[in-house]
Amino acid sequence: DPTVTKIAVVAGRQTGKTLTCAVGVAYLSIHNKEGIILCSAQDSWLYSHLRDIFNHVPELRKYIVSEGVFSIVPLKGYETTTGSKVHVRGSTDKSLRGIPASVCLLDEAELLTDETMQTALGNLSGQFKYVLLGTPPRDRKGMFYKIIQDPKEYGFRLFKWSAEGLSWHTPELLASKKKILGEFYKPEVQGEILEEAERGIVSAKDISACIKDMLIPEGGTIECGIDWASGGRCKTVVTIVERLHLGAAVKVLLVRAFNKDEMETMF
């Protein structure tokens, strides 16, 4: 669908998301004239799947312009007889910058930096496709998390894939993962985002609301001073200090400022 330009696939592990996209890349590179960027935060399984596809389907070999030494598909990517160029790159900003393309697939997107994702997007032009693949991040941070949390805000079509119900995951294996992974079974297997309450974590905003700076007296002499407002925009200020030792510096316990109409609540 050419109208779908930005896609986010959030899935459990071993659901076939990388293999599915590798098949898509192989198809596009053979049947279209495309510039395609493949990027992964870890070892490029996209490249590994592409290598297997071309190695195991001999009739596709004729579409590779120049074969690699290690495999039919060169390590840094390949060019096809139809005019496509597939670039396999690492996750650094430097390795991606300046590569013209119309299709970009970022694997393990939850581990990529925001800068890397922005650079990859900046390389695209024309009728483009920008595809993010990943598992919900445990730390709930980064651009990938923001996108899968609110895809419409960023103009993405979201797909969720669960490892449950797949023929290559036995019930015994899933039961074992559920027991061992605990709360992380939901993102790691089901591809679902953990809510804060499910992680037993209170949001930073709520924690801040519960904190109040407080100074505890240490048994010294408590003194109170009042600076009365003389009019205009000045406020009346009350300062309470504790003098621990004669002649020593004082410790400020409280400072409060009052407008004229607040004076009645001062004490």
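See the structure above.
This report concerns the structure included in the present document. Since we're looking at a predicted model, the values are computed, not measured.

With that settled, the discussion passes to the overall build of the chain. The secondary structure content of the chain amounts to nine helices and ten strands. Counting all 267 residues of the chain, 36% fall into the buried class. Look at the contacts in the chain between residues 6 or more apart in sequence, and 60% of them connect residues 24 or more apart. Approximately 16,200 Å² of the chain is accessible, and the part contributed by carbon and sulfur atoms is 56%.

The next point concerns the nonpolar core. Grouped together as the largest cluster of nonpolar side chains are 27 residues, with contacts concentrated most on Val25, Ile36, Leu38, Leu50, Phe54, Tyr78 and Leu105. For this core, the secondary-structure elements that each account for two or more residues are strand E1 (6-11), helix H1 (17-31), strand E2 (35-40), helix H2 (45-56), strand E4 (85-89), strand E5 (101-107) and strand E6 (124-134). Ignoring any residue separated from it by four or fewer positions in sequence, one finds valine 25 in contact with Ile36, Leu38, Leu50, Tyr78, Val86 and Leu105. Ranked by size, the runner-up nonpolar core spans 23 residues in total, among them Cys39, Cys104, Leu132 and Ile148.

This paragraph deals with helix H4 (residues 114-122). Residues of H4 that are buried include every one of Thr116, Met117, Thr119 and Ala120, and no others. The arc enclosing the buried residues of H4, seen along the axis, measures out at 160°, which places them on a common side. Buried residues in H4 make contact with E2, helix H3 (93-96), E5, E6 and helix H5 (143-149).

Before going further, it helps to spend a moment on the environment of histidine 49. Locating histidine 49 in the fold gives a position in helix H2. Once the C-alpha coordinates of histidine 49 and cysteine 21 are considered, the two residues, 28 residues apart in sequence, prove to be 9.2 Å apart. Residues contacting histidine 49, with those up to four places away along its chain left out, are Thr18, Leu19 and Ala22.

Turning our eyes to something else, we now look at the packing of aromatic side chains. Each aromatic ring pair is summarised here by two numbers: the centre-to-centre distance and the angle between the ring planes. All chains considered together, the criterion is met by two aromatic pairs. Aromatic pair phenylalanine 54 and tyrosine 78: ring centres 5.3 Å apart, planes at 65°, arrangement edge-to-face. One end of the pair, phenylalanine 54, is in helix H2; the other, tyrosine 78, is in strand E3 (residues 77-79), with 24 residues separating them in the sequence. With respect to class, phenylalanine 54 is no different from tyrosine 78; both count as buried. One cation-aromatic arrangement involves lysine 178 over tyrosine 185; the distance from NZ or CZ to the ring centre is 5.5 Å.

Let us now look at the sheet that holds strand E10 (residues 251-258). Reading across the sheet, the three strands line up as E8-E9-E10 and stay open at both edges, with antiparallel pairing between neighbours. Both edges of this open sheet fall to strand E8 (221-227) and E10, since each of them pairs with a single strand only. When strand polarity is set aside, the average angle formed by the axes of neighbouring strands in this sheet is 15°. Direction of pairing for strand E9 (residues 236-243) relative to E10: antiparallel, over a ladder of seven bridges.

Calculation criteria
- Residues numbered from 1 in each chain as written.
- Predicted model: local features only at pLDDT ≥ 70, side-chain atom pairs only at ≥ 80, totals over all residues.
- Heavy atoms only, no water.
- Helix = DSSP H or I, 4+ residues; strand = E, 2+ residues; numbered from the N terminus.
- Buried < 20%, exposed > 50% of the residue type's maximum accessible area, 1.4 Å probe, protein only.
- Contact = heavy atoms within 4.5 Å.
- Areas by Shrake-Rupley, 256 points an atom, 1.4 Å probe, with all protein chains shown as cover.
- Core = buried A, V, L, I, M, F, W, Y, C linked by side-chain atoms within 4.5 Å.
- Arc of directions from axis to C-beta.
- Phe/Tyr/Trp six-rings, centres within 6.5 Å; stacked < 30°, edge-to-face > 60°.
- Lys NZ or Arg CZ within 6 Å of the ring centre and 35° of its normal.
- Pairing = 2+ DSSP bridges.
- Axes fitted to C-alpha atoms, helices over the stretch in contact; angles between N-to-C directions.

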